[in-house]
Amino acid sequence: MLIADFPLFPEQASTMASKVDALYLFLVALTGTVSLLVFVTIFYFAVKYRRRPGNEIPVDYEPPKILELAWIIIPSLIFVGIFIWASWVYFELARVPDNSLQIYATAKQWMWKFQHPTGQREINELHVPVNRPIKITMASEDVIHSLFFPAFRTKMDVLPNRYRTMWFQATKTGRYHIFCSQYCGTLHSGMIGWVVVMDPTDYQKWLAGGSEGSMASEGEKLFQKYACNTCHTGDATGRGPVLMGVYGSSVMLSDNSIITADDNYIRESILDPQAKVVKGFGPPSVMPTFQGQVNEDDLLKLLAYVKSLGTQRVTTPESAQSLQTNAGAPVGQTASPAGISPSSAGPGGPRGPGGSATTTAGQPARGTKKP
Ligand code: HEC
Ligand SMILES: [Cu+2]
């Protein structure tokens with residue numbers, strides 16, 4: 001294609017590349033044409049209406065209403081059109097496809113670290129299969145960085161205190177640049193790497209070589225190392241809530257609000273346990289903060305481990321309501337499924353304050369499995 005041959009543009013190697021380029025080129029063409037038009041008319045009128053003897057005082061002139069309306073309505077329609085088009089591209093970039101392959105990334109002055117759920121770790125290099133959506137969950141160890149894949153036309157800031165996610169689907173095998181596109185210190189320009197897009201079979205071969213165990217199993221070791229398991233036992237006897245099936249489920253907090261246990265909630269639960277306390281466990285929570293003890297790599301492993309304990313479907317407004325009406329029910333680790341009627345919560349419904357709702361089909365119910 002013409003754009004791909006134009007040396008100013010990086011290769012188009014993802015499903016989003018042509019969409020981003022089309023929008024960009026349209027904007028360049030539109031603004032270019034309008035600027036040209038403005039300059040040409042300025043020049044033309046300057047000559048045509050130049051000052052001549054006998055014609056020195058300008059005549060008052062009222063433009064026709066229709067002309068005024070035209071220059072209000074036509075540009076407005078064009079701008080609204082651009083807005084709709086750009087939002088459509090933006091939403092597509094923002095919405096991570098469900099069947100994505102999960103990759104974890106940590107940014108650090110001045111390198112990129114990538115971890116695959118199966119345990120492989122890489123620095124400044126990322127291997128991914130072609131034609132498969134890839135979801136990257138990322139955090140920074142220090143300052144703000146930005147992960148940029150020019151050939152995929154996708155980029156996102158990586159922040160020091162929370163997880164962000166981005167995705168892409170490569171359409172061509174090959175090696176493409178990775179840049180940090182947020183000035184992050186002296187060696188910012190050296191914070192570069194390569195993404196290697198492989199055939200699925202090559203990728204499987206690559207995965208098979210050299211791994212120390214999956215991220216979840218590494219996370220399980222850390223779970224013991226940091227003695228999380230002394231409070232989060234697999235049953236109701238522990239001092240902390242059972243973590244089976246917590247990921248993705250609805251959690252009722254001590255102020256009776258309900259939140260969804262997503263990546264950032266799990267992260268905050270570990271780094272700042274007092275910020276959101278599970279109902280029936282305080283405040284204050286007896287869980288100590290692990291801020292400063294667990295680094296970003298280990299946090300991601302703990303997250304992978306918590307995820308591996310089963311997930312639940314995100315709550316619907318109706319099921320959240322049914323949870324709300326149960327707010328007065330006895331709270332604590334002794335609760336039975338009685339708190340939530342299975343018919344109203346359904347499979348994958350919200351996790352009750354006692355933590356015993358059913359999990360997604362095939363998953364063991366919370367509290368039935370030891371970590
Ligand atoms: C001293 C006991 C204790 C230790 C040790 C402990 N926790 Fe907790 N944890 C709790 C309690 C109590 C709560 C519920 C109150 C709250 O939200 O802070 C909790 C809440 C959580 C939650 C939110 C659970 C939910 O149901 O919403 C997560 C996730 C979690 N802990 C993970 C960990 C991890 C990972 C570790 C180890 C790095 C750990 N905990 C160590 C006691 C502990
Ligand atoms: Cu950087």
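Everything below is about the structure shown above.
Calculation notes
Residues numbered from 1 in each chain as written. Chains lettered and ligands numbered in written order. Predicted model: local features only at pLDDT ≥ 70, side-chain atom pairs only at ≥ 80, totals over all residues. Helix = DSSP H or I, 4+ residues; strand = E, 2+ residues; numbered from the N terminus. Buried ≥ 20, exposed ≤ 12 C-beta atoms within 10 Å, placed from the backbone. Near = placed C-beta within 6 Å. Nonpolar A, V, L, I, M, F, W, Y, C, P; charged D, E, K, R; others polar. Pairing = 2+ DSSP bridges. Axes fitted to C-alpha atoms, helices over the stretch in contact; angles between N-to-C directions. Parallel < 35°, antiparallel > 145°, perpendicular 65-115°, else oblique. Left-handed = near helix turned anticlockwise from the far one by under 90°. Contact = placed C-beta atoms within 7 Å. Expected span 1.5 Å × (residues − 1).

**Describing the overall build of the chain**
Of the regular secondary structure elements, the chain holds 10 helices and 12 strands. Residues classed as buried in the chain amount to 32% of the 371 residues present.

**Quick word on the site of ligand 1**
Taken together, 27 residues lie around ligand 1, and Cys228, Cys231, Gly240, Ser285 and Met287 are the ones closest in. Those elements that place two or more of their residues in the shell around ligand 1 are α6 (228–231), α7 (263–271) and α8 (296–308). Partitioning the shell around ligand 1 into residue classes produces 20 nonpolar, six polar and one charged.

**A word on the pairing of strand β1 (residues 101–108)**
Pairing of β1 with strand β5 (residues 133–140) involves seven bridges; the strand directions are parallel. Paired with Ala105 across the strands is Met138, a residue of β5. When β1 meets strand β2 (residues 111–115), the two strands line up antiparallel, connected through five bridges. Bridge pairing in β2 links Lys108 to Met111.

**Some remarks on the packing of helix α2 (residues 17–48) against helix α3 (residues 65–94)**
Put simply, α2 and α3 touch, their axes get as near as 10 Å, and they point 155° apart. Of the possible angle classes, the one that applies to α2 and α3 is roughly antiparallel. Viewed along their axes, α2 and α3 form a crossing whose handedness is left-handed. In this structure, α2 uses Lys19, Val20 and Leu23 to contact α3, whose residues at the interface are Trp85, Ala86 and Val89.

**Details of α8**
In a regular helix each residue adds 1.5 Å, so 13 residues correspond to 18 Å; α8 covers 18 Å between its end C-alpha atoms and thus fits that length. Of all 13 residues making up α8, 10 are buried, and the element is well covered by its neighbours. Taken together, the buried residues of α8 touch β1, β2, β5, α5 (215–225) and α7.

**Some words on the sheet that holds β5**
Within the open sheet, the five strands sit side by side as β3-β2-β1-β5-β8. Their pairing is mixed. Only two strands of the sheet have a single neighbouring strand rather than two, namely β3 (121–123) and β8 (164–169). For this sheet, the mean inter-axis angle between neighbouring strands, taken without regard to orientation, is 25°. Sitting on the sheet, α8 is in contact with β1, β2 and β5, with an inclination near 160° to β1.

**Describing the sheet that holds strand β4 (residues 125–129)**
Pairing between the strands of a sheet is mediated by backbone hydrogen bonds and can be parallel or antiparallel. Here five strands make up an open sheet; going across it, the order is β4-β10-β9-β6-β7 and the pairing mixed. Two strands close off the open sheet at either side, each with one partner strand: β4 and β7 (154–158). Pairwise comparison of adjacent strand axes, ignoring direction, gives a mean angle of 20° for this sheet. In terms of strand pairing, strand β6 (residues 145–149) meets β7 through five bridges, oriented antiparallel. By the bridge assignment for β7, Leu147 is matched with Met156. Contacts between helix α4 (residues 200–208) and the sheet are confined to β4 and β10 (193–198), with β4 contributing the most and set at about 130° to the helix.

What is shown is where atoms sit, not what they do.
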